[in-house]
Amino acid sequence: MKLDSAEARKALADIDDVARRVRQSRIYDLASRVMIMWGVLVFAGNLANWLSPRDGGAIWIAVNTLGVGGTVTLSILDMRRTGMHSFDLRVAAAFVLYFAFGLFCSVVLGHFGPRQMGTFWPVYAMLFYVLAGLWFGRAFVAIGLGITVLTLIGYFFVTGYAFMLWMAVTNGGGLIVGGLCMRRD
Amino acid sequence: MAELDDVIHQPLRLRIMAALNALPSGSGLEFARLKKLTGATDGNLGAHIETLSRAGYVGVDKAFVGKKPQTTVTATAEGRGAFARHVATLQEIIAASAAGGK
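Here goes a summary of the coordinates provided.

Cut-offs used in this document
Residues numbered from 1 in each chain as written. Chains lettered and ligands numbered in written order. Predicted model: local features only at pLDDT ≥ 70, side-chain atom pairs only at ≥ 80, totals over all residues. Heavy atoms only, no water. Phe/Tyr/Trp six-rings, centres within 6.5 Å; stacked < 30°, edge-to-face > 60°. Helix = DSSP H or I, 4+ residues; strand = E, 2+ residues; numbered from the N terminus. Buried < 20%, exposed > 50% of the residue type's maximum accessible area, 1.4 Å probe, protein only. Lys NZ or Arg CZ within 6 Å of the ring centre and 35° of its normal. Pairing = 2+ DSSP bridges. Axes fitted to C-alpha atoms, helices over the stretch in contact; angles between N-to-C directions. Contact = heavy atoms within 4.5 Å. Buried area = accessible area lost by both parts, 1.4 Å probe. Salt bridge = Lys/Arg side-chain N within 4 Å of Asp/Glu carboxyl O. Polar contact = N/O pair within 3.5 Å; in protein donor to acceptor, adjacent residues only side chain to side chain. Nonpolar A, V, L, I, M, F, W, Y, C, P; charged D, E, K, R; others polar.

Comments concerning the packing of aromatic side chains
Two aromatic rings are characterised by how far apart their centres lie and by the angle between their planes.
All names here are of chain A.
Alright, step 1. A complete count under the given rule lists 11 aromatic pairs over all chains for this structure.
Alright, step 2. Aromatic side chains Tyr 28 and Phe 140 sit 5.7 Å apart centroid to centroid with 80° between the ring planes, which places their arrangement in the edge-to-face category. With Tyr 28 in helix 1 (residues 5–51) and Phe 140 in helix 5 (residues 138–157), this residue pair connects regions lying 112 residues apart in the sequence.
Alright, step 3. Classification of Tyr 28 by relative accessible area gives buried; the value is 8%.
Alright, step 4. Here Phe 140 falls in the buried class, since its relative accessible area comes to 6%.
Alright, step 5. An aromatic cluster of at least three residues, connected via ring pairs, comprises Phe 95, Tyr 98, Phe 99, Phe 112, Phe 120, Trp 121, Tyr 124 and Phe 128.
Alright, step 6. The ring of Phe 163 has Arg 115 lying over it, and the distance from NZ or CZ to the ring centre is 4.6 Å.

What follows is the structure in structure tokens.
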């Protein structure tokens, strides 16, 4: 069988394209599970905060602790199931640095109130999604931008405690819907 | 120069092998996922998996997950070797062409 160099190049490009799709599919699979889990937690956190505004601090510490623990658990389970590292230590380190910077801005520099906190963290988290999407796939960018816009609409136009209900639906619900859409992709 | 592998050379079979080869050894892909990744149709994919299986390049595992039948396709060690040789041959063709053009 004879092949010229153009055909050989096309075959190699095809191989690269499929390998890239497989990698992206692995990342989407894990990320969608993590996203749905965070969506449920954020939905529950906002609802609990709406019901008991005074306990906001404790509620969000619990949500974040459960979220980080759940993310690590899902990553380990995924690695055992597939034998592949979808995320490595550098990604984890970047996440920790990103979180520390957010804490520094919102608590040390900013002295944000509950409403500002409730807006800053989702928008800041979605910025991470958008940046990750530049490498890992357009779905992250679309979900990140969509939730950011909805969060800002809530911040500027939804008054009082209803803001938390808005955030439960748009932020928690947005992550759940985004994760489910990603699984269909 | 080594010969191209007749079984792997067909475009869809090349894509199937590329997808399976991108996974760690021993890991497989479900039929539906493989179909999406390679852009194949049901019948087409089934026929080409059969050809690869007859050549000993892939293993096919059929099981029930709950009540749903699930087919998982995995590249065998022989298949991985054949795919690696095929890729090396493609690279040689490009290298030879570049050297001849100088």
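Notes on the sheet that holds strand 1 (residues 28–30) of chain B
Residues and elements named next belong to chain B.
Alright, step 1. The three strands lie next to each other as 1-3-2, forming an open sheet whose pairing is antiparallel. With partners counted over all chains shown, the strands left at the sheet margins are strand 1 and strand 2 (58–65), one partner each. Strand-to-strand twist of the sheet, defined as the mean angle between neighbouring strand axes without regard to direction, takes the value 25°.
Alright, step 2. Set on the sheet, helix 2 (residues 11–21) makes contact with strand 1, strand 2 and strand 3 (68–75); between it and strand 3 the angle comes to about 85°.
Alright, step 3. Across the sheet, helix 4 (residues 42–54) is in contact with strand 2 and strand 3; its angle to strand 2 comes to roughly 125°.

Some thoughts on the interface of chain A and chain B
Alright, step 1. The partner chain B presents 22 residues to the 22 residues of chain A that form the contact.
Alright, step 2. A buried area of about 2100 Å², summed over both sides, lies between chain A and chain B, and 68% of it is on carbon and sulfur atoms.
Alright, step 3. Inspection of the region where chain A meets chain B yields two salt bridges.
Alright, step 4. Note that Asp 14 of chain A is salt-bridged to Arg 15 of chain B, the shortest N-O span being 3.0 Å.
Alright, step 5. Our count for the chain A to chain B interface comes out at five residue pairs in polar contact (both at pLDDT 80 or more).
Alright, step 6. Here the side of chain A that touches chain B takes 14 residues from helix 1 of chain A, the largest share from any one element.
Alright, step 7. Residue classes in the side of chain A that touches chain B are distributed as 10 nonpolar, four polar and eight charged.

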